[in-house]
Amino acid sequence: MSIIRLDSLFRPKSVAVIGASSNPESLGSTVMRNLLNGEFNGPILPVNIKCKSVLGVLCYESVELLPVVPDLAVLCTPPETVPDLIGKLGFAGTRVAIIMTVNPGGDNGLPGDELKKSILKAARPHAIRVLGPGSVGIIMPHIGLNASWLSSPVKPGRLALVSQSS
């Protein structure tokens, strides 16, 4: 496996949360809260057409309106929106996308395999690295990055886990 562009996954300078939300029950809210509590030292860019701000952070209506290109994008949106968003992120210059959206049975319009094929088709022209769909996210306490949906804080240490289960 090539290591090209993996620096944007393991050492991102900016993170966008697509589907960020102030609804405490939502995936987008959990990811935003974790990023803010992790004290990540870079721009955190929530994106949601319905919000002006998320947890006190100015929110952008679309990927195209982001003031900086995010190294890492975390997608918390419905499955059918993911391929188009990957294309837009790639066009903007984003290097890595973590797709937390789950589409195991193919509900919401696209069968599971069809969704994966559509995502890869959108990512390939821009060489975007994709983790997911159905990813837990990524946590790196040493740089203050908690782009995950886990509810417990993670302490810095000497153990690492990289996994893709879906």
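Below is a short write-up of the structure. (Residues numbered from 1 in each chain as written. Predicted model: local features only at pLDDT ≥ 70, side-chain atom pairs only at ≥ 80, totals over all residues. Heavy atoms only, no water.)

**Looking at the overall build of the protein chain**
Scanning the protein chain for helices and strands turns up four helices and nine strands. Walking the protein chain from its N terminus toward its C terminus, one meets helices and strands in the order α-β-α-β-β-β-β-α-β-α-β-β-β. In the protein chain, which comprises 166 residues, the proportion classed as buried is 44%. Across the protein chain, the fraction of contacts at a sequence separation of at least 24, relative to all contacts at a separation of at least 6, is 65%. Accessible surface computed for the protein chain: about 9,300 Å², of which carbon and sulfur atoms make up 57%. (Helix = DSSP H or I, 4+ residues; strand = E, 2+ residues; numbered from the N terminus. Buried < 20%, exposed > 50% of the residue type's maximum accessible area, 1.4 Å probe, protein only. Contact = heavy atoms within 4.5 Å. Areas by Shrake-Rupley, 256 points an atom, 1.4 Å probe, with all protein chains shown as cover.)

**Regarding the side chain of threonine 101**
With respect to the secondary-structure elements, threonine 101 resides in the loop between strand E6 (96-99) and helix H4 (112-123). Among the polar contacts listed, one links the side chain of threonine 101 to the backbone oxygen of threonine 77, at a separation of 2.4 Å. In contact with threonine 101, other than residues within four places in its own chain, are Leu75, Cys76, Thr77, Pro78, Pro79, Val82, Pro133 and Gly134. (Polar contact = N/O pair within 3.5 Å; in protein donor to acceptor, adjacent residues only side chain to side chain.)

**Notes on the sheet that holds strand E5 (residues 72-75)**
Taking strand neighbours across the sheet as the criterion, the five strands line up as E2-E1-E5-E6-E7 in an open arrangement whose pairing is parallel. Only two strands of the sheet have a single neighbouring strand rather than two, namely strand E2 (44-47) and strand E7 (129-131). Neighbour-to-neighbour, the strand axes of the sheet open up by a mean angle of 20°, direction not taken into account. Set on the sheet, helix H2 (residues 27-37) makes contact with strand E1 (15-18), E2 and E5; between it and E1 the angle comes to about 160°. Of the strands in this sheet, E1, E5 and E6 are in contact with helix H3 (residues 82-92), which crosses E5 at around 165°. (Pairing = 2+ DSSP bridges. Axes fitted to C-alpha atoms, helices over the stretch in contact; angles between N-to-C directions.)

**Notes on the pairing of E6**
Residue alternation in E6 divides its side chains into two sets, Val96 and Ile98 and Ala97 and Ile99, and both sets are buried. The sheet contact formed by E5 and E6 spans four bridges and is parallel. Of the residues in E6, the one forming a bridge with leucine 72 is valine 96. Read from E5 through H3 to E6, the crossover connection turns out right-handed. (Right-handed = clockwise from strand over helix to strand, strands pointing away.)

**What about the pattern of salt bridges?**
What the rule picks out here adds up to two salt bridges. Taking the shortest distance from any N to any O, the salt bridge between lysine 88 and aspartate 84 comes out at 3.2 Å. One end of the pair is lysine 88 and the other is aspartate 84, both in helix H3 and four residues apart, which spans about a single turn. Taking the relative accessible area as the measure of exposure, lysine 88 reaches 33% and is therefore partly exposed. The structure contains a network of salt bridges with shared partners spanning Glu64, Asp84 and Lys88. (Salt bridge = Lys/Arg side-chain N within 4 Å of Asp/Glu carboxyl O.)

**Some thoughts on H2**
Along H2, the residues that are buried comprise Gly28, Ser29, Thr30, Val31, Met32, Asn34 and Leu35. Contact partners of the buried residues in H2: E1, E2, strand E3 (53-54), strand E4 (57-58), E5 and strand E9 (145-148). Just downstream of H2, glutamate 39 is the residue with a positive phi angle, here 60°.

**Observations concerning the nonpolar core**
Ranked by internal contacts, the top residues of the largest apolar core, which has 24 residues, are Leu35, Leu72, Val74, Ile138 and Leu145. Secondary structure elements with two or more residues in this core: E1, H2, E5, E6, strand E8 (137-140) and E9. Looking at this core element by element, the count peaks at three residues for H2. Setting aside residues no more than four positions away along its own chain, valine 74 makes contact with Val15, Ala16, Val17, Ile18, Val31, Ile98, Met100 and Ala147. Val47, Tyr60, Val63 and Ile86 belong to the second-largest nonpolar core, a separate cluster that totals 20 residues. (Core = buried A, V, L, I, M, F, W, Y, C linked by side-chain atoms within 4.5 Å.)

**Considerations on the environment of serine 152**
Topologically, serine 152 is positioned in the segment after E9. For serine 152, a relative accessible area of 47% translates into the label partly exposed. For the pair serine 152 and asparagine 34, spaced 118 residues apart in the sequence, the C-alpha separation amounts to 9.2 Å.

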